[in-house]
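Okay, here's what each chain looks like letter by letter:
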Amino acid sequence: MLKVDNLNVVFGHGADKNHAVKEVSFLVNRGESFGLVGESGSGKSTVLNCISGLLSNWYGSIEVDGAPLSHKRPISFYHKVQMVFQDPYGSLHPRHTIDATLKEPIAIHKLGDANQRVERVLSEVGLGPQFRFRYPHQLSGGQRQRVAVARALILEPEIVLLDEPTSALDVSIQAEVLNLLQEIRRERSLTYVLVSHDLAVVSHMCDTISVMNQGETVEIINREQLQTGELKESYTRQLLVASRGYDRQAIDQFQDF
Amino acid sequence: MSQQSPQMNGTKAWLLTDTPGSAFQAASGRFYLGLLDFFRNRLAVVGLLIIVTLVITALFAPLIAPYDPVAANLANRLQPLSADHWFGTDELGRDIFSRIVWGSRLTLYVIILVAIIAAPVGILVGTVAGFFGGIIDTVLMRITDIFLAFPKLILALAFVAALGPGIENAIIAIAITSWPPYARISRAETITIRNSDFIRAIRLQGAGPLRIITKHIMPLCLSSLIVRVTLDMAGIILTAAGLGFLGLGAQPPSPEWGAMTSAGRSFILDQWWLITMPGTAIFVVSLAFNLLGDGLREVLDPKSDS
């Protein structure tokens, strides 16, 4: 479904040159949920931005459904791939009602039946009709993220890119949104690419996980490996230890990679 | 739930509901809250009242003015304030009150036309430059800089001198000189908005630059632009009056306030009302626009709500 092969991203020139993503490759099968984990600055969100088309200074190859993507995307691409952003406080237009936000993609793609589509997708993400004409500032963080999910779904994509979809949310809301995403994936048989720094989120959501550090893929593991702790690379092991919470002794033994 | 009842309580509830039933209701509720905010600012309301008075005066000038504003009556020249001539008469015996009432039309005409010409040009240049960046930004902003480099009145003087005196040419000259600050403001706003997630999100839904600029960026630039235009109105009135004063704006006998002050300045010691009355009118209207602009800034400031 989605194939990334030897993807490289370089920002800047000369002394400021920053090779943010180095030779990253992975394959996501149809209906699979794929996770990208790593620390801040590991290049995981950059990979996502290349796939979505927000960044164009990459080289290598990205294929969707066997067709290689160019730097400039045709309008049909957006029917296939959609994205949910990290911060629900910044990803909704402050002067547009929820209704207007959701109708915009329908207008761009000239889909018709705008009212029915909006009603359907709102109920799918668990928001009642009373939310439809509210402005984003009248919603909570979790509700806003549901709207962001609804906006991604309204074009009926096959692949949804999730950029840390819960890290800006309250812990109590995180599980709610993650369960919603799981449910939608099952119902619509979607393919997910999830970026997160949170191993718990990734092991809950993803079948296959790619661990990244400083722009490189450290290893690709599956969920069982993460749960049993059978990991080849010491970096991954360290990340797993770190994700279990603060431990003085463990931190003293950490190395830089 | 969304029934509009004739009682105040019903309407208020309809406006302030947390669960609006239509886009219109949501927008009305938002507008109502803005209005409440605005009316909390006394000075801004005073400014608004003065401007409403100005508009009404301009609309009903023939009914309000007791005399013909241009008909000279030399037997009656330079009369002081009296019950017949509230603001006295000028050097040709024309009633100054009537001239000020008719002059409000010219003032409104100038500021409306300048706003209609300059604001859209400014916002268009600014958002396009800010959104695309690169060479387009450089070219558009250097042109803007050239216009900004000249003092407004001097540049307007040059244009009027080239185009010939007259109120229409004065309007064109003022419009040409007043768009660059609007372009600057819109560009600055656009650059802060351009990389926000909601613009990325709409780009990922396949929106083209035209749609992004007009439907997503411009509405956010509009509030600061409206405030700036309102505050500039005072300056526009003064520039128009200044051109009139220098004899390059409205031509005699039209009752333009600036031209009236200019004509009255040779009588300033003995017949003070000739220059004081139109001067006060200019002052009051400019002040009103400044007060209104300040009030609007408090309501429309994009940072005040998320």
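These numbers come from a predicted model, not from an experiment.

Trainee: Would you mind going over the environment of Ala-148 of chain A in detail, with residue names and values included?
Mentor: Residue and element names in this part refer to chain A. By secondary structure assignment, the location of Ala-148 is in helix 5 (residues 141-153). Looking at Ala-148, the relative accessible area reads 2%, which means it is buried. Spatially, the C-alpha atoms of Ala-148 and Gly-41 are 24 Å apart, while their sequence positions differ by 107 residues. Residues contacting Ala-148, with those up to four places away along its chain left out, are Val-84, Ser-91 and Leu-92.

Trainee: Help me get a handle on the pattern of salt bridges, residues and values and all.
Mentor: A side chain with one charge can pair with a side chain of the opposite charge if their charged atoms come near. All names here are of chain A. Scanning the entire structure with this criterion turns up 21 salt bridges over all chains. The residue Arg-117 makes a salt bridge to Glu-156 at a minimum N-O spacing of 3.9 Å. Highlighted residues: Arg-117 in helix 4 (residues 114-124) and Glu-156 in the loop between helix 5 and strand 7 (159-163), separated in sequence by 39 residues. Looking at Arg-117, the relative accessible area reads 17%, which means it is buried. By relative accessible area, Glu-156 is classed as partly exposed at 45%. Put simply, Arg-188 and Glu-124 hold a salt bridge, and the shortest N to O gap is 2.6 Å. Pair noted here: Arg-188 is in helix 6 (residues 171-188) and Glu-124 is in helix 4, with a separation of 64 residues, a long-range link.

Trainee: Outline the layout of surface pockets, listing residues and values.
Mentor: Considered as a void within the structure, the largest pocket measures approximately 870 Å³ in volume. As for the largest pocket, its lining consists of 37 residues, of which Arg-30, Phe-31, Leu-33, Gly-34 and Val-299 of chain B are closest to the centre. When its residues are assigned to classes, the lining of the largest pocket shows 21 nonpolar, 8 polar and 8 charged. Taken as a whole, the second largest pocket encloses approximately 600 Å³ of empty space. Lining the second largest pocket we find 22 residues, and of these Gly-53, Leu-54, Leu-55 and Tyr-78 of chain A together with Arg-203 of chain B sit closest to its centre. Sorting the residues of the lining of the second largest pocket by element identifies helix 5 (96-132), helix 9 (197-203) and helix 10 (209-245) of chain B as the ones contributing at least two each. Its residues assigned to classes, the lining of the second largest pocket comprises 10 nonpolar, 7 polar and 5 charged.

Trainee: Tell me about the pairing of strand 1 (residues 2-11) of chain A, residues and numbers included.
Mentor: All names here are of chain A. In this sheet, strand 2 (residues 18-28) lies alongside strand 1 in antiparallel orientation, the contact comprising 7 bridges. When the bridges of strand 2 are listed, Val-4 appears paired with Phe-26. Counted along the chain from strand 1 to the antiparallel partner strand 2, the turn is 6 residues long, and its residue Gly-12 has a positive phi close to 75 degrees. Pairing of strand 1 with strand 4 (residues 58-64) involves 6 bridges; the strand directions are antiparallel. If you follow Val-9 over to strand 4, its bridge partner there is Trp-58.

Trainee: Can you lay out unusual backbone geometry for me, pointing to particular residues and giving the numbers?
Mentor: All names here are of chain A. Non-glycine residue Glu-156 carries a positive phi angle of around 50 degrees. Of note in the backbone geometry, Ser-189 takes a positive phi value of approximately 40 degrees without being a glycine. Structurally, the position occupied by Ser-189 is in the loop between helix 6 and strand 8 (191-196).

Trainee: How would you sum up the interface of chain A and chain B? Please name residues and give values.
Mentor: When the parts of a complex come together, some accessible area is lost, and that lost area is often taken as the interface size. The partner chain B presents 28 residues to the 31 residues of chain A that form the contact. Between chain A and chain B, roughly 2,700 Å² of surface is buried when both sides are summed, and carbon and sulfur atoms account for 55% of that area. A salt bridge links Lys-215 of chain B to Glu-104 of chain A, with the nearest nitrogen and oxygen atoms 3.9 Å apart. Our enumeration of links across chain A and chain B arrives at 9 residue pairs in polar contact (both at pLDDT 80 or more). Mapped by element, the contributors of at least two residues to the side of chain A that touches chain B are helix 1 (44-52), strand 6 (81-84), helix 3 (98-108) and helix 5 of chain A. Top element by residues in the side of chain A that touches chain B is helix 3 of chain A. It accounts for 4 residues. Residues belonging to the side of chain A that touches chain B are distributed by class as follows: 13 nonpolar, 12 polar and 6 charged.

Trainee: An account of the sheet that holds strand 5 (residues 67-68) of chain A is requested, with residue identities and associated values reported.
Mentor: Residues and elements named next belong to chain A. Strands sit in the order 2-1-4-5 across an open sheet of 4 strands; the sheet is antiparallel. Edge positions in the sheet fall to strand 2 and strand 5, since each has one partner strand and no second. Of the pairings in the sheet, the one linking strand 4 to strand 5 comprises 2 bridges and is antiparallel in character. Counterpart to Glu-63 in the pairing with strand 5 is Pro-68. Where helix 1 meets the sheet, it contacts strand 1, strand 2 and strand 4, and its direction lies at approximately 110 degrees from that of strand 1.

Trainee: I'd love a proper account of the sheet that holds strand 9 (residues 208-213) of chain A, names of residues and values included.
Mentor: Residue and element names in this part refer to chain A. Strand order in the open sheet formed by 6 strands is 6-7-8-3-9-10, with mixed pairing between adjacent strands. Two strands lie at the open edges of the sheet, namely strand 6 and strand 10 (216-222), each paired on one side alone. For this sheet, the mean inter-axis angle between neighbouring strands, taken without regard to orientation, is 20 degrees.

Cut-off values and rules
- Residues numbered from 1 in each chain as written.
- Chains lettered and ligands numbered in written order.
- Predicted model: local features only at pLDDT ≥ 70, side-chain atom pairs only at ≥ 80, totals over all residues.
- Heavy atoms only, no water.
- Helix = DSSP H or I, 4+ residues; strand = E, 2+ residues; numbered from the N terminus.
- Buried < 20%, exposed > 50% of the residue type's maximum accessible area, 1.4 Å probe, protein only.
- Contact = heavy atoms within 4.5 Å.
- Salt bridge = Lys/Arg side-chain N within 4 Å of Asp/Glu carboxyl O.
- 1 Å grid on protein atoms, 1.4 Å probe; cavity = no way out; pocket = protein on both sides within 12 Å on 5 of 7 lines; lining within 4 Å.
- Points joined across faces, edges and corners; volume = space filled by probe spheres on them.
- Nonpolar A, V, L, I, M, F, W, Y, C, P; charged D, E, K, R; others polar.
- Pairing = 2+ DSSP bridges.
- Buried area = accessible area lost by both parts, 1.4 Å probe.
- Polar contact = N/O pair within 3.5 Å; in protein donor to acceptor, adjacent residues only side chain to side chain.
- Axes fitted to C-alpha atoms, helices over the stretch in contact; angles between N-to-C directions.

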